[in-house]
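# Structure assessment
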Amino acid sequence: MPKRPTKKRETMSPELRTFGRNFKIARLANELRQLDIVQRTGLSESFISRLEQGKKNVSINTAVALSKSVGRSLLDLLSDGILVEKDETPRRAPTRRTN
């Protein structure tokens, strides 16, 4: 029986993990849902989720669009520790009820 090809696990850089973490912190600080980012950028919700987990690589154009969508500079999202202050924990974005 032939072996099935194994899926290659991606190892992401610390910078990409920092970008994803900072993006999520900025999104939650603005009380935005992933769906709000999807509507602002045209990216898929699964892309946003994987990005926030540090599992998705992004182009410079996409990184700029994402930073604008949360009202932060690209430098803010790439800087380690700049968005997290002492005793501050990220909040969950509020869920919106539909009638």
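Structure shown above.
Residues numbered from 1 in each chain as written. Predicted model: local features only at pLDDT ≥ 70, side-chain atom pairs only at ≥ 80, totals over all residues. Heavy atoms only, no water.

This paragraph deals with the overall build of the protein chain. If you tally the helices and strands in the protein chain, you get five helices and zero strands. For the protein chain, long-range pairs separated by at least 24 residues make up 66% of all intrachain contacts whose partners lie at least 6 apart in sequence. (Helix = DSSP H or I, 4+ residues; strand = E, 2+ residues; numbered from the N terminus. Contact = heavy atoms within 4.5 Å.)

Enumeration over the complete set of coordinates arrives at four salt bridges. Here Glu-52 ties to Arg-27 by a salt bridge, and the two come within 2.6 Å at their closest N and O atoms. Of this pair, Glu-52 sits in helix α3 (residues 45–52) while Arg-27 is found in helix α1 (residues 14–29), placing the two residues 25 residues apart along the sequence. Given a relative accessible area of 11%, Glu-52 falls into the buried group. Residue Arg-27 is classed as buried on the basis of its relative accessible area, which comes to 5%. Between Asp-36 and Arg-33 there is a salt bridge, and its shortest N-O distance comes to 3.2 Å. For Arg-33, a relative accessible area of 23% corresponds to the partly exposed category. (Salt bridge = Lys/Arg side-chain N within 4 Å of Asp/Glu carboxyl O. Buried < 20%, exposed > 50% of the residue type's maximum accessible area, 1.4 Å probe, protein only.)

A word on the nonpolar core. Formed by 14 residues in total, the largest nonpolar core has its most connected members in Phe-19, Phe-23, Ile-37, Ile-48, Leu-66, Val-70 and Leu-77. Discounting residues that sit within four places of it in the chain, Val-70 has contacts with Phe-23, Ala-26, Arg-27, Asn-30, Leu-32, Ile-37 and Leu-77. (Core = buried A, V, L, I, M, F, W, Y, C linked by side-chain atoms within 4.5 Å.)

What follows covers the environment of Arg-21. Take Arg-21: it is sitting in helix α1. Here Arg-21 falls in the partly exposed class, since its relative accessible area comes to 35%. Setting aside residues no more than four positions away along its own chain, Arg-21 makes contact with Glu-52, Asp-80 and Gly-81.

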